[in-house]
Each structure stands twice: as C-alpha cells, then as structure tokens.
Amino acid sequence: MTRWTTMPAWTPWPAVLLLAACGGGSEPTETRQSTAQGVESMKLSVRLLSSAPQWVSGGDARIEVRAAPGLHDKLEIWINGRKTAQTLVSDGHRLEGVVAGFVDGENLLEVRHAKGKGAAASLRLTNHPISGPMFSGPQQQPFVCTTSQFGLQPKVDSAAEPGYAVRDALNNLVGYSRHCAIDSFVTHLYRAADNSWKALPPDGSTPADMTQVTLADGRTVDFIVRREVGTINRFLYSFAMLAPHGDDPAHPDTGLWNGRLEYYFQGGVAIGHSQGTVHSRSLDPDVLKMGHAIVHSSGNNTGTHYNLQVAGETAMMTKERFVERYGAPLYTVGLGGSGGAIQQYVLAQNNPGVLDAALPVQSYPDMVTQTIHVGDCELLEHYMDVTDRDNPRWQQAKARTLLVGFNAEPAVIDPMSQLKPLIGMAGASMSTGSTECVKSWRGLSALVMNPLFGQAPNQQHYLPQSEIAAIQWTHYDDLRNIYGVDGDGQPRTTWDNVGVQYGLKSLKEGRITPAEFLDVNFKVGGWKQPKQMVQEGFPLLPGITPPMVIADPTLFDPWSQRNMNLAPAADAPAPRTEGDPLAMRAAYTSGMVFDGNIPLPTIDHRQYMERELDMHNVHQSFAVRKRVLQKMGTSDHLVIWFTDTMPGVPKASQTLEALAVMDEWMSNIRANPHKGVAENRPVEAVDSCFDINGQLMHAGPDVWDGVIDDKPKGACTLAFPMFGTSRIVAGAPFEGGIYKCALKPVQTALQDGTYAPWMPDGPSVAKLHQIFPQGVCDYTLPDQARP
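Note that this is a predicted model, so its numbers are computed, not measured.

So, about the overall build of the protein chain. Helices and strands together make up the secondary structure of the protein chain, namely 20 helices and 35 strands. What you see for the protein chain is a C-alpha radius of gyration of 29 Å, in line with the 28 Å of a compact globule of 787 residues. Counting only C-alpha atoms, the protein chain reaches 100 × 65 × 55 Å along its principal axes. In the protein chain, buried positions account for 58% of the 787 residues. Taking the intrachain contacts of the protein chain between residues at least 6 apart in sequence as the baseline, contacts between residues at least 24 apart amount to 70%. Only carbon and sulfur atoms are counted for the fraction: they give 54% of the accessible area of the protein chain, which is about 30,200 Å². The distance from the centre of the 64 positive side-chain charges to the centre of the 80 negative ones in the protein chain is 3 Å.

Strand order in the open sheet formed by 12 strands is β16-β15-β19-β20-β22-β21-β23-β24-β30-β31-β32-β33, with mixed pairing between adjacent strands. Each having just a single partner strand, β16 (197-199) and β33 (696-699) make up the two edges of the open sheet. For this sheet the average axis-to-axis angle between neighbouring strands, irrespective of direction, equals 20°. As paired elements, strand β31 (residues 638-644) and strand β32 (residues 688-690) share 3 bridges and run parallel to each other. Within β32, the position partnered with T643 by the bridge is F690. On top of the sheet, helix α3 (residues 339-350) reaches β21 (260-266), β22 (293-301), β23 (331-337), β24 (357-361), β30 (602-608) and β31; it is set at about 140° to β23, its chief contact.

Here we take up the packing of helix α2 (residues 308-326) against α3. At a closest axis distance of 10 Å, the pairing of α2 and α3 adopts a crossing angle of 75°. Taken together, the axes of α2 and α3 lie roughly perpendicular to each other. Facing α2, whose interface residues are L308, A311, G312 and A315, α3 presents I342, Q343, V346 and L347. In the contact of α2 with α3, the residues fall into 6 nonpolar, 2 polar and no charged.

A few words on the pairing of β23. For β23, the tally of buried residues reaches 6 of 7 residues, placing the bulk of the element in the interior. Bridge count for β21 against β23 is 5 bridges, and the pairing is parallel. Within β23, the position partnered with E262 by the bridge is V333. Pairing between β23 and β24: 5 bridges, direction parallel. What sits directly across from V333, in β24, is A357.

A few words on empty space enclosed by the protein. Tallied over the full model, the rule gives 6 cavities of 30 Å³ or more. If you go around the largest cavity, you meet 20 residues; those closest to its centre are H373, T725, E735, G736 and G737. Of the residues in the lining of the largest cavity, the class split is 9 nonpolar, 8 polar and 3 charged.

Turning our attention to the confidence of the model for the protein chain. Predicted confidence across the protein chain gives a mean pLDDT of 93, with 94% of residues reaching 70 or more. Predicted confidence for residues 1-24 stays below pLDDT 50, and this span has 71 contacts to residues more than four positions away or in other chains. Here residues 29-41 is modelled with pLDDT under 50, and outside its nearest four sequence neighbours on either side it reaches 30 contacts, counting other chains as well.

Summed over the entire model, instances satisfying the criterion amount to 42 salt bridges. Between R480 and D477 there is a salt bridge, and its shortest N-O distance comes to 2.7 Å. K744 serves as the salt-bridge partner of D752, at 2.8 Å between the closest nitrogen and oxygen. Among the ionic contacts, a cluster of salt bridges with common partners joins R47, R62, E64, R66, D91, R94 and E96.

Looking at the element boundaries, N233 is found in the loop between β19 (224-232) and β20 (235-242). Taking the relative accessible area as the measure of exposure, N233 reaches 3% and is therefore buried. In this structure the side chain of N233 is engaged in a polar contact, spanning 3.0 Å, whose partner is the side chain of T314. When near neighbours in sequence (up to four residues on either side) are disregarded, N233 contacts I130, S131, G132, P133, Q139, V310, E313, T314 and M317.

The strand order across the open sheet formed by 3 strands is β14-β13-β27, and the pairing between neighbours is antiparallel. Two strands bound the open sheet, and with one partner strand each, they are β14 (173-177) and β27 (462-463). Where strand β13 (residues 163-167) lies against β27, 2 bridges are found, and the strand directions are antiparallel. When the sheet's bridge partners are listed, G163 is paired in β27 with L463.

What follows concerns helix α12 (residues 514-523). For an α-helix the count is 3.6 residues per turn, leaving residues at separations of three or four pointing the same way. Burial analysis of α12 places 7 of its 10 residues in the buried class, the great majority of the element. By the burial criterion, the buried members of α12 are E516, F517, L518, D519, V520, N521 and F522. In this structure, the buried residues of α12 make contact with α4 (370-387), α5 (401-404), α11 (504-508) and α20 (762-771). Among the residues trailing α12, G525 stands out with phi positive, at a value near 75°.

In this section: the packing of α4 against α12. Viewed as axis vectors pointing N to C, α4 and α12 meet at an angle of 110°, and their least axial separation amounts to 10 Å. Considering their axes alone, α4 and α12 lie roughly perpendicular with respect to each other. From α4, L380, Y383 and T387 reach across to α12, where they touch E516, D519, V520 and K523. Taken together, the residues that form the contact of α4 with α12 break down as 3 nonpolar, 1 polar and 3 charged.

Another aspect to go through is the nonpolar core. Ranked by size, the top nonpolar core spans 118 residues in total, and within it F517, F556, Y739 and Y755 carry the most contacts. By residue number, the principal contributor to this core is α2, which donates 8 residues. In this structure F556 touches M416, L419, K420, I423, M425, F538 and V549, once residues within four positions along its chain are discounted.

Turning next to the layout of surface pockets. Empty space within the largest pocket amounts to approximately 530 Å³. For the largest pocket, the lining is made up of 23 residues, of which G405, K505, M722, F723 and G724 are closest to its centre. Of all the secondary structure elements, the ones that give two or more residues to the lining of the largest pocket are α5, α11, α17 (715-719) and α18 (726-729). For the lining of the largest pocket, the residue count by class is 10 nonpolar, 8 polar and 5 charged.

Here we come to the state of the cysteines. The full count for this structure, using the stated rule, is 4 disulfides. Between the sulfur atoms of C377 and its disulfide mate C437 the distance is 2.0 Å. Where C377 bonds to C437 through sulfur, the torsion about that S-S bond is close to -70°, and the disulfide is left-handed. Placement of the pair is C377 in helix α4 and C437 in helix α6 (residues 436-441), with a sequence separation of 60 residues. Across a sulfur-sulfur distance of 2.0 Å, C741 and C777 are joined as a disulfide pair. One quick way to see it: the torsion about the S-S bond of C741 and C777 is about -65°, and its sign makes the bridge left-handed. Here C741 is found in the loop between α18 and β34 (742-744), whereas its partner C777 is found in strand β35 (residues 776-778), with 36 residues between them in sequence. As far as the burial class goes, C741 and C777 line up, both buried.

Moving on, we get to unusual backbone geometry. Of note, the bond from G132 into P133 is cis; its omega dihedral lies within 30 degrees of zero at -5°. Along the chain, the position of P133 falls in the loop between β12 (119-128) and β13. The step from L463 to P464 runs through a cis peptide bond, and the omega angle for that step is 0°. Secondary-structure assignment places P464 in the loop between β27 and α8 (465-469). Positive phi outside glycine occurs at S338, with the angle close to 60°. With respect to the element layout, S338 can be found in the loop between β23 and α3. Judged by its relative accessible area of 13%, S338 is buried.

Here is what the cut-offs are and how they apply
- For every chain, the first residue of its written sequence is number 1, and the numbers climb from 1 along that sequence.
- Selection of residues for local features in this predicted model requires a pLDDT of at least 70, selection of side-chain atom pairs for listing and counting requires 80 or more, and totals for whole chains, interfaces and linings are taken over all residues.
- Neither water nor hydrogens contribute to the side-chain values; these are computed over all heavy atoms in the structure.
- Helical segments are the DSSP runs of H or I of at least four residues, strand segments are the runs of E of at least two, and each set is numbered from the N terminus.
- Throughout, the radius of gyration refers to the C-alpha atoms, and the reference size of a globule is 2.2 Å times the residue count to the power 0.38.
- Exposure categories follow from relative accessible area, calculated using a 1.4 Å probe and restricted to protein chains: below 20% of the type maximum is buried, above 50% is exposed, and the middle band is partly exposed.
- The contact definition used throughout considers only heavy atoms, calling two residues in contact when any of these lie within 4.5 Å.
- Surface accessibility follows the Shrake-Rupley procedure with a 1.4 Å probe radius. Residue values consider only the protein chains on display as shielding.
- In this tally, Asp and Glu contribute negative charge and Lys and Arg positive charge; neither His nor the terminal groups of the chain are included.
- Lys charges are placed at NZ, Arg charges at CZ, Asp charges at CG and Glu charges at CD.
- When DSSP finds at least two bridges between two strands, those strands are taken to pair.
- To get an axis, fit a line to the C-alpha atoms, keeping to the stretch in contact for a helix; angles then go from 0 to 180 degrees between the N-to-C directions.
- For classification purposes, an angle smaller than 35 degrees is called roughly parallel, one larger than 145 roughly antiparallel, one from 65 to 115 roughly perpendicular, and anything else oblique.
- Residue polarity follows a fixed list, in which Ala, Val, Leu, Ile, Met, Phe, Trp, Tyr, Cys and Pro are nonpolar, Asp, Glu, Lys and Arg are charged, and the others, Gly among them, are polar.
- Each cavity reported here is a set of points on a 1 Å grid over the protein atoms alone in which a 1.4 Å probe fits but cannot get out, each pocket an open set with protein on both sides within 12 Å along at least five of seven lines, and each lining residue one with an atom within 4 Å of a point.
- Grid points are joined across faces, edges and corners, and a volume is the space filled by probe spheres set on the points.
- Along the chain, pLDDT gives the predictor's confidence residue by residue, from 0 to 100.
- The term salt bridge refers to a side-chain nitrogen of Lys or Arg lying within 4 Å of a carboxyl oxygen of Asp or Glu.
- Here a polar contact is recorded for every N or O atom pair within 3.5 Å, except that within protein the pair must consist of a potential hydrogen donor and a potential acceptor, and residues adjacent in sequence are included only if both atoms are side-chain atoms.
- Each nonpolar core is a collection of buried residues, namely Ala, Val, Leu, Ile, Met, Phe, Trp, Tyr and Cys, held together in the definition by side-chain atoms within 4.5 Å.
- The disulfide criterion used throughout: a pair of cysteine sulfur atoms within 2.5 Å.

So this is what it looks like as structure tokens:
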C-alpha cells in the first residue's frame, strides 16, 4: 500500500506532498552535482507522482524533483533530448508540477542544469494514448457512445463507417466516432435546500437556496462543488470536490479539499460494447461535504462491462489524470457495492497503487467464479418446476434450498406463479414462493452465455447496424482478449458441471432420498455451447406479453430451457457441459479470479437481506475471508460488518461510519508505519454486527466464529443465518471458485464414504456409473484449471 512519512496535517499542493507509492509512483533517480560555490556532494532526484513510469498516459505526468534550494531556479526540463520551456513550482525544499510533451511509446525525461552542466537526473518512461489501451489488448468494437448523458456529441475521429454517427445541431451527419471522446469541461454546482444539485450562477451571486457545510477544521463554507468531466480510455470520468466562490476552471483552488480521495466503483452486470454512464454517486453529497474528493469512471461500472482488466487499466489512467490535475491525495479509498466491491478486491490484487484502502459493500470475491453456481440456478429450477413437477417436495419453497443452496422464502412470490396454471403447469411441485435463483438470478445465465441476448444503449446510432447485429452478447466475448478463441473463432467458455453431484450434502444429511438424488443428477443436464443457442423466450425477451404466452405456451421459458442439454431419451442421462480449460486457466492468470491477495486495510460491510432473497447472499464476505486466509495466512486487516434489515423497513447503512473508521485507520498507519496494517487498526475496526437501526449489537474478534472454522458459533453468527450455493451443496468448498473439479471414479466414491451413510444397492451403483461415466467431483483436490 502507499506509505507516507509522518506529517502533522495534510497541506494541499503546492506544499509538500511526500508520496512514496508502491506502483503509484516511480523510484527517484539521483545524480551527484557540483555547485558554483565549489564541489559539494549533493543528491538530486526526479520521479513520477501520477503513475508508474511504464504506465503514463495522455502525454503528460506530474513529477517531483528534489534538489538543493539554490538550484531550484537553475534547472531545465528536457524531453527526448529537447529542451522545453516548462517550469516547476518550488516550495523551498522540492519542486513539483506537470510536464507535457511525451510521445506514444518510450520517452526520456531529463532534469538538466541551465548552465549546461549536463543532466542532473533522468527517467525513462512509456506513454500511452489517453484513449487507451495500455495493457488490456485490442479494444472492443463496436463501441457505442453515451456522451449524450451530458448533452454532447462525441468528437469525430473517422470520416467513414464503422462508428457512432455524429450529428450537428441540425441533425446533419458530420462523421463518425470510434473512441467516443469529448473535451474535458468543468462545471460548478451547488447543493440546494431541496437536496438537489443546481448550476452555480455564472455571475458570482449566491442563490437563496444554497446550503452550507462545516468542515473538520471548523470552517463553514457554501456547499459548492467543482466537477470535471471528460473521457479517458474511451469511458466518461468525473472528478468532484468542494470549491470556493470564484474558482477558476483552468486553475483549480483546492483549498477546501482535505486530501482524501474516494474512488467510487459502481456495480451491475453488463456485457460491454457501450461507453456507459457516470453514476449519480460520483456526486455523493455526504462524502463531498466532508471535504473528500470523488473520482469515478463509467469504465469502473460493471453495469457497463465486466472486463476487470479494462477496469483496472481505466482506474490507473483515471487516477493518474486526477493527480496531474489536483495533486497527489493523502490516500485513496475505494467505495462501492456488488460489482463495485468486486472491483476493489480484484484491483487491489492486480493493480497495486490505485487504492490505499478498501470499503467493499455487498461484496463477492469476484464475478467470474459466481457464474459457476449461478449457472446451476435455471437448470435446477427447471428440474423442480418441470422435470420433477409431480414431486410434492418442491411445492415447499424452503425445500428448494436442498438443491440450489440459496435461501428460499414462501412469502417472496414467484412472479411466474400466476401464469403457470394458465398454460397447464399446475402440478404437485408448483411453488408460489421463490428461491434466490428466481428472485435475483433469473436471466443471468442467458446474459452470460447467450450471444443473441443483449443490447447496448444508443446502439441505433452506430453504423453500420450489421455490426451491431453481429455482436456476440456473452460474458465470454466481453473477455475474449482474456479467454481467447477456439479454432472456429468462437470465444472460449468456462462453465462446467461434469462430475458435479447436485444435492450430495442434502443426501448425506438425509434431507432428500437416494431416489431423488439419482433422479436430479440423471435429468438436470447442462448448457449448450453459445454458438448452439437460440433467442430467449418469455419473460426474458422484451416484447412478449402474457396474453401472447397464453395463446402460445411455447413462448414461456423463464429457465432458458430451449438452450439446455436435456435427456435425448428417457433411459439416457442428460448431457453435462464441459468448459474449456484454456479459458478457465486464463481467468486465473489474468487475475479475474480473486485469489485472496489484498494487503490493504479493508472494511467489508453489507446489509443482511436474505429474508428478501437479495442476490448479495451474505456468505460471500466469508468466502472472501477464506481466500484471504489461504493466500496471506491472516485476515486481521479484513474487517466484516453486517447490518440487519427487514423487508419494507428503511435500511440503515454503516458506510459513513466505515469511512470515518477507515480515516482513523489510515491516520494511524501514517503515524506508525512500522506497525503495519493490522496493528494500526483503531478500536472500531473490528468484526461487528448492527441491528436494523444501525445500532451496534456485537463486536469483537470472535463474533463470527463458526462460519469458516469449527469453533462454537459467535454472537453475530447466531444472529445472522447464512446459506450456501448449489456447488457447496454438491460438496465444493465454502470459498467457491472450482471451475473444473478433479474427478474420481464412481467406484472410489463408493469405497471412500462419499455417499455415507447411504449404501447404494446394485441398481443405484449402475445408475451412478451411467450418470457419471467420467467420474465424480473430488473436492479434496484443488481446481484442475488452476495453473
């Protein structure tokens, strides 16, 4: 993480900024220099503050030069052997400023003595275009612009198709845009008494409805925010911070910024091919009024895309731009929920230096290993709804947890339950309740796997439309630079259920019968390969109405049955799906799988929403902890908080409390860098749980005992029931993440107690061999896809 020397308080640029970042800046180069007064041993150094030398973008960088005060007015900036007129600002001890003029590729930056005494210090760096990419590979095309969020047309960068059609004020076509760039611009907003943002009058007057904020140092100021918007790596970015009256857009006044920077990450699920939009939380008034700055990019919104290599690259470039414009922050803390939490874990692992601290909300360890068990959802729901519909067990919503692992609630109504009887689906197994699969994950398998199921906002403005029609709308295609393509040019796929014994844990506990266990595994099947899939039905595909379904029940397909591998005959098991080991391995080597490496102070906090079957199932925080323990040997720097909720009751949040605790934690680290992260935890940075009003229930190192260990259940563990996944029920480890299980012969499983206490008889043994000709999963061995 970023280390700072001890300072009494943060002081904004141009005063001293003592950053020594791991990955966030460069190591200084030093040269001994003679002075006019005689030969004197003196060190001079130059380093980058805005990025690592190999990851400069946009042709400029913020640098720091350390030299004796007497040399401050005698130094020159040279780039690639040419003298420039650029100067740095001195604070009496050091010089700092932004230098520009780097070409794409390799560059040599030199600080020379003005009187021709040679280079005092030099640094080699690599510059990349501001439109990207730096390391994520060929950029995704088609790419649909969404600059209309700010009432703007993108810049024309091509006279011919393909591209986003750019039109003038009279709607005349003037060209095409492939990079969706806009010129950056600054606006000044104020927070009004009605809790809305309004444009600050350009005449300098103070609106009557302007509110004020009181800062930590006691100053009371008008609640005015400077917001900068532009494009980096083809995505839209936003910088926001408090500003005084009269702030000059070209020369920002950072006097109201407290030095803290929040990088906001947004969640969602999308397949890409869109520039995306800037989220409203990029102007979070609760954060801005504390004096923090907020940086955000539509490329760090998983509702735009889920290529976290691109997300990491975007975050590096966006933070670089912020540092160049406003100076290095005291620290950068990540904040965001769901996919925004995933980004923090994955970026901390893959892109050190972007974040110094993490506040993941409603977390998962990563996205890619969630697809493993989420891909089981519709298969198992289809089995219970259709294939085994005459089994009364599945009429009870709670019983469905025995297969899917997720929670189920009879009071959470399946929206399809009223339509099913009208199309002849009334039966013993028809449940009106829901599992988390139904409530939260319905349609996600189609979104991940079906190349025909997807679209991008504003895609009608991209020409030619034939290129839009040719898009493969799959997660696998979104990450084709990572997963690769097969011999037919098709993106390689990761989903696999060969050898998975659905319901095994429930069988061993006597909660389903051996006959039910054999039947589900015989009939559940798998997914077709994307190139074999057809378009979805109702209710996934827009435009199909219930009356149309009643008239033609074949349109009804909430499970994506049409894209499943089901039994070809009554006496043959339904085929399972085999993933591509090269794609699985690439998920690991690219860092898309979070392996537990997060050295940052982290407060993982979430609302407990199992009662309403929210997709953010709470065991995921402990799946993270288990991976961290396995990778790092300790998770003392990872704090977990739960806040209880009740359906229909306003939800409390601990996010602002977490921000305050993290600020104290970072202050401790600055004051005591020798102690390390965990030893600098403040008292409040401890495992805790809170009630529905946000009041502390229990806190301490043992409150979550019994979740990932064999200790007696702690107070919070007892208060917050947790559930699993279909793969955990099938015997997979708690932390998840097994793409390709090791296989053992059925005969070995019969001998080693895999099914105990059940002792299969002869016909059952024969059935097991028929279902699992390649063997069954042996989860005592690691993922066979892991490098």
